[in-house]
Amino acid sequence: MDKIRIQGGVPLKGKVFLSGAKNAALPIMSAALLTDGWVNLSNLPALRDIQTEKRLLSFLGASLDEGSEGCLRINASRIDQFEAPYDLVKTMRASVLVLGPLLARFGRARVSLPGGCAIGARPINLHLKALEMMGARINLRSGYVDAKARRLRGTEIGFDTPTVTGTENLLMAAVLAQGKTSLGNAAKEPEVVDLANCLERMGAKISGAGTDTITVQGVTHLQPTDYRIMPDRIEAGTYLVASGITRGEITLAEYDGSHLETVIMKLKEAGLEFDQKKSGLTVRGPRKIKSVSVTTRPFPGFPTDMQAQFMALMALGQDTSVIKETIFENRYMHVSELRRLGADIQISGNQAVVKGVSKLRGAPVMATDLRASASLVLAGLAAEGMTEISRVYHLDRGYESLEKKLSALGANIERIKEVK
Ligand code: EPU
C-alpha cells in the first residue's frame, strides 16, 4: 500500500483549482440509469469511488464513453443486470444509490447490504422503509436487499432523521413513480440539490430541493441531458484549513465559498482572514489560532465531513475547543493518530475536548477513513519534522491529486509507491 510522506512546517501559498464533488457525482451517475439515452456529465473528479461507480454501471449493462478530462457519457439503454454485488458495495457504500433508479425504471433491484463502516453502523433502514411506503416489496435475504415493484406509487414520506443518500435514493425513485411524492425531513445538502437540478434537466418535476420538504410529481419518461457536477465543498473546506494550519495564503480559484458558510464562519472565529474576489476566495492563516467549539449538524450546520480537519486545526489552538459529533457514532478514529503527533485530545462519548498545543511533531500514522486521513495530512503539513501516513487509499477515494495540488502550493509532500 502506498504511503504519503510530509516534511511539515511550510506555509502553503498559491492557487488551487477545486475538483467536482464526489458526493454529487455518485448519485448523478446513478441517475443516468433513469433514462435510455446518452447522459453527458462533466467535472467528474478523478477518484477511486468514481471508478467503482463506473464499474458498477458497466456491470449493470450501461455503456460508458470516457471523454476529455472529467467528462463521461453514460447510456443505460441496455441494462440487463439489476444487482449491486457485495464486492462493489463493500468498497463503496454509495453503490446503494442504484436501488432507487433501478426500482423506478425496471421494477426490480437487488443490492448488497452495505454493513458497518469505519465511522459508524450506517444502516439503510430509512431508504427501505420509504421505498416500501411507495409500494415496493422488499426482502432481506443472504445479505442482499431484494426489491420489486410494478410501478412505484407516490405517497407522503417523513424521514425519522435526514439522510443524504436516503433522500437521493427516494428522489430518484419518485421521479418515475405514479402520482405525487412528498419527502418530509429531507436532507438539505447541496449535493441533493445538485442531483435534483440534474433530474429536472432530464424532465423530472421537483420542487423544494434544498428545503426540508421535497415534492415530486412523477412522470412516465425522462430524457438524457448534459450536466456539470458542482465543485466539492468539502475539498474546498480542507484547503481552507490547510491555509490556516500552515499560516499560509491560499486562493481557491473560481470559488465563492458557496455552501460552506458555517465552516467559513467558524474559521473566521479561529482567526483566518478571507478575501472574496471575482477570481476566487483567498484565505490567510492567522499567526495564532483561536480555539473554537463546533457541533456537527446536517446542512446548513457544520458538516461532519469537516470535523476531523477542523480538529487538526484546533489541535494547535491557543486554548480549549469542544467538538461534538452528532451524525456518526464512531467518527473519532483520527484522534489516536493526532495524539501520536502530539495533540492533546480527550474523548468522552460524542464529545472531544481539544487542548491546543504549541507544536505538533511528525510521526508515522495510519489513515482510517477518508476525512480522518485528510486531517492527518493537515496535521502533518503543520508538524515539525516528518510525518508518514500509511493506508492512503482512503484519501484516493475522495481527494483528487492531493499531493500534486499541495506540492503546487509549496508543501514538501511525496507519495511512496508500494514496491510489489
Ligand atoms: N441513518 C439511519 N438509517 C438510514 C440512513 C441513515 O439511521 O437508513 C443515519 C446514519 O447512520 C447517520 C445519519 O442517519 O447517523 C445520517 O446519515 P446519512 O444517511 O445522511 O449519510 P450517508 O447518506 O450514508 C452521506 C455522505 C457522507 C456524509 C453523510 C453526512 C455520500 C455518498 N456520503 O452519507 O460522506 O458524511 O452523508 O453528511 O453522499 C464522505 O464523503 O467522507 C462521507 C462519509
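Below, the structure is looked at part by part. Since we're looking at a predicted model, the values are computed, not measured.

Moving on to the overall build of the chain. Helices and strands together make up the secondary structure of the chain, namely 14 helices and 24 strands. Expected size for 420 residues packed as a compact globule is a radius of gyration near 22 Å; at 21 Å, the chain falls within 12% of this value. Expressed as lengths along the three principal axes of its C-alpha atoms, the size of the chain is roughly 65 × 45 × 45 Å. Put simply, the chain has 420 residues, and 57% of those count as buried.

Turning our attention to the sheet that holds strand β2 (residues 13-17). Pairing within the open sheet is mixed, and its four strands lie in the order β2-β15-β17-β16. Strands at the two margins of the open sheet, each flanked by one partner only, are β2 and β16 (273-277). Between one strand and the next, the sheet's axes are offset by a mean angle of 20°, whatever the strand orientation. As judged from the five bridges shared by β16 and strand β17 (residues 280-284), these two strands associate in the antiparallel manner. When the sheet's bridge partners are listed, Q276 is paired in β17 with L281. Against the sheet, helix α8 (residues 233-245) engages β2, β15 (249-253), β16 and β17, with an angle of about 160° to β15.

Its twelve residues give helix α7 (residues 190-201) an end-to-end C-alpha distance of 17 Å, which sits within 8% of 16 Å, the value for a rise of 1.5 Å per residue. For α7, the set of buried residues is P190, E191, V192, D194, L195, A196, C198 and L199. For α7, the secondary structure elements touched by its buried residues are α1 (22-31), α6 (164-174), β12 (205-207), β13 (213-217), β14 (226-228) and α8. Phi for G203, located one or two positions after α7, is positive at around 110°.

Considering the arrangement of structural elements, one finds R233 in helix α8. Exposure remark for R233: the relative accessible area of 7% places this residue in the buried category. Contact partners of R233, with chain neighbours within four places excluded, come to E189, P190, E191, Y255, H259, L260, F299 and P303. A polar side-chain atom of R233 sits 2.8 Å from a polar atom in the side chain of E191.

Once that is clear, we can look at the packing of α8 against helix α12 (residues 370-382). Where α8 contacts α12, the axes come no closer than 9 Å and their chain directions differ by 20°. Taken as axis vectors, α8 and α12 run roughly parallel relative to one another. Taken as a pair, α8 and α12 cross one another with a handedness that is right-handed. Residues I234, T238, V241, A242 and I245 of α8 form the contact with α12, whose participating residues are R371, A374, L378, A379 and A382. Counted by class, the contact of α8 with α12 contains eight nonpolar, one polar and one charged residues.

Quick notes on the rules
Residues numbered from 1 in each chain as written. Predicted model: local features only at pLDDT ≥ 70, side-chain atom pairs only at ≥ 80, totals over all residues. Heavy atoms only, no water. Helix = DSSP H or I, 4+ residues; strand = E, 2+ residues; numbered from the N terminus. Rg over C-alpha atoms; globule rule 2.2 N^0.38 Å. Buried < 20%, exposed > 50% of the residue type's maximum accessible area, 1.4 Å probe, protein only. Pairing = 2+ DSSP bridges. Axes fitted to C-alpha atoms, helices over the stretch in contact; angles between N-to-C directions. Contact = heavy atoms within 4.5 Å. Expected span 1.5 Å × (residues − 1). Polar contact = N/O pair within 3.5 Å; in protein donor to acceptor, adjacent residues only side chain to side chain. Parallel < 35°, antiparallel > 145°, perpendicular 65-115°, else oblique. Left-handed = near helix turned anticlockwise from the far one by under 90°. Nonpolar A, V, L, I, M, F, W, Y, C, P; charged D, E, K, R; others polar.

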